[in-house]
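Below, each chain spelled out in residue letters.
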Amino acid sequence: MSRSAHPAGPRHADVLPEGHYSAPPADLNALDPKVWAQTVERGEDGVVTVGGIGVTQLAEEYGTPAYVLDEADFRARARAWRTAFGADADVFYAGKAFLSRAVVRWLHEEGLNLDVCSGGELATALSAGMPADRIAFHGNNKSPEEIERAVRAGVGRIVLDSFQEIVRVAHIAQSLGKRQRVQIRITVGVEAHTHEFIATAHEDQKFGIPLAGGHAAEAVRRALQLDGLELIGIHSHIGSQIFDMSGFEVAAHRVVGLLKDIRDEHGIELPEIDLGGGLGIAYTSDDDPREPHEIAKALTEIVTRECESAKLRTPRISVEPGRAIVGPTAFTLYEVGTVKPLDGLRTYVSVDGGMSDNIRAALYDAEYTVALVSRASDAEPMLVRVVGKHCESGDIVVKDAFLPGDLAPGDLIAVPATGAYCRSMASNYNHVLRPPVVAVREGEARVVVRRETEEDLLRLDVG
Ligand code: LLP
């Protein structure tokens, strides 16, 4: 990460302490479109708007903290993925990034499919009317109950993750008098360039069946023998928040290699491959993500080329973007509570949420930016750390950023690019209530996930 001294000198020190930050942006009031949702802009009065609605109005009506989601942006990104891959491929939105019934409806309307990885996600998808045959069911430890529900519902595919699961799904499908369409998830042995906790294609980890040592080939052999299963393809997901396409290239090469071995051994050409999700987004201005059409072109070319050289029919490709669709479409709106300058270090800005609504900095050392959104300011930049209200010093939302030096309690600040893996990984730590998700579109706002209440908390307490 870039690291440089603040040219004008920060408010509390001449030399900046160690950190991840770049120099302060030339204009603290500017909003980089790379990290902010599409319809976000700063009005002439200095107040930031989204979908035409001011954040001050949103805070007044819905309270803070709140995740504010730009529906037009979500739909546009979903559509861009769909269009980029065209009719010969399928886009499965990864529900783990963020799922609600409204989102399921938008996906349905925009022609996307859905990847779910738990009974809860499946229930949400079905209850919002996603046709079961457009749902893929994932997970490294699906319970027998979850498998049964998925098979009964008629999900389009179950992605098998272990030898035991091959037998389990086959058995359940057979006992229900069904033949379940399945893919086998393999680990191709790629070291994806991302955080260790979100890399998933190296062999020493819990997901998938290793290609190495002939394990994947053996899994295919077993699946093909079982009457309850219809093996439709091979699945690979190499990790998350990845910018470099070379990992996908190696994965595609190895998956096609397996398809070739399957053809040679069994005389069948599996019709589908799924290359998973994992495409990175911009959390800060330093990140340069690729557009869906570039990704689609690159992946399609790799698979086509590999299949041509293996003399295979090109299989139908599917992908599972989660973060790349929802991540950039939302920001978290917070109210500043306390502003605590620490001489020679930095200023700690405490907000009314924290690690319970965004665990990513604590968990992955993730970087975010932040802006003052309830007004514009010409004050000198000050180096801040945005922290939450939890009883934990690792409760950091934005590790290093610049905000105007006149920041004061009651100001609203917003952290962009929080659409993915923030609400979905939110917790009730310290019995803090999880914030609502407010969707905004063309001048109208509506709550799509309501704020948790103390009643919600107490409802689970049976003591
Ligand atoms: N498909 C499979 C099989 C997955 O496991 C995942 C993510 C995706 C698709 C979607 O990946 P995406 O396009 O969103 O990168 N909590 C972490 C990310 C964990 C990702 C888990 N699997 C984070 O906050 O960065």
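Worth saying up front: this structure is predicted, and the values here are computed from it rather than measured.

**Q** What is the right way to look at the site of the ligand in this model?
**A** Near the ligand lie 19 residues; those nearest to it are S240, E320, R360, Y364 and Y421. At 3.5 Å, a side-chain N or O of D115 approaches a nitrogen atom of the ligand. In this structure, E320 approaches the ligand through a side-chain N or O atom, which is 2.7 Å from a nitrogen atom. Compared with its free state, where it exposes 580 Å², the ligand has 92% of that area covered by protein. In this structure, the shell around the ligand is formed jointly by two domains, domain 1 (13-70 + 328-460) and domain 2 (138-321), each of which donates at least three residues.

**Q** Mind showing me how you'd approach helix α1 (residues 55-62) here?
**A** Along α1, the residues that are buried comprise V55, L58, A59 and Y62. Along the axis of α1, the buried positions cluster into a sector of 100°, meaning they face one direction only. With its phi angle positive at about 80°, G63 sits one or two positions after the end of α1.

**Q** Just checking my understanding: could you explain the nonpolar core for this structure?
**A** Core analysis: the biggest nonpolar cluster contains 110 residues, and F74, Y93, I158, I184, I234 and I413 have the highest contact counts within it. Split by domain, the residues of this core number at least three in each of domain 1 (13-70 + 328-460) and domain 2 (138-321). Leaving out residues up to four positions away in the same chain, F74 has contacts with L69, Y93, V103, W106, L107, I325, V326 and T329. If you look at the next biggest cluster of nonpolar residues, it comprises 23 residues, including V48, I53, F331 and L333.

**Q** Just to check I follow, could you spell out the sheet that holds strand β2 (residues 48-50) for this structure?
**A** Sheets are built from strands that pair by backbone hydrogen bonding, the pairs being arranged parallel or antiparallel. Strand order in the open sheet formed by three strands is β1-β2-β3, and the pairing between neighbours is antiparallel. Each edge of the open sheet is held by one strand with a lone partner, namely β1 (41-42) and β3 (53-54). Strand direction decides the pairing type here: β2 and β3, joined by two bridges, are antiparallel. When the bridges of β3 are listed, T49 appears paired with G54.

Rules behind the numbers
- Residues numbered from 1 in each chain as written.
- Predicted model: local features only at pLDDT ≥ 70, side-chain atom pairs only at ≥ 80, totals over all residues.
- Heavy atoms only, no water.
- Near = heavy atom within 4 Å.
- Polar contact = N/O pair within 3.5 Å; in protein donor to acceptor, adjacent residues only side chain to side chain.
- Areas by Shrake-Rupley, 256 points an atom, 1.4 Å probe, with all protein chains shown as cover.
- Domains from an automatic or database assignment.
- Buried < 20%, exposed > 50% of the residue type's maximum accessible area, 1.4 Å probe, protein only.
- Helix = DSSP H or I, 4+ residues; strand = E, 2+ residues; numbered from the N terminus.
- Arc of directions from axis to C-beta.
- Core = buried A, V, L, I, M, F, W, Y, C linked by side-chain atoms within 4.5 Å.
- Contact = heavy atoms within 4.5 Å.
- Pairing = 2+ DSSP bridges.

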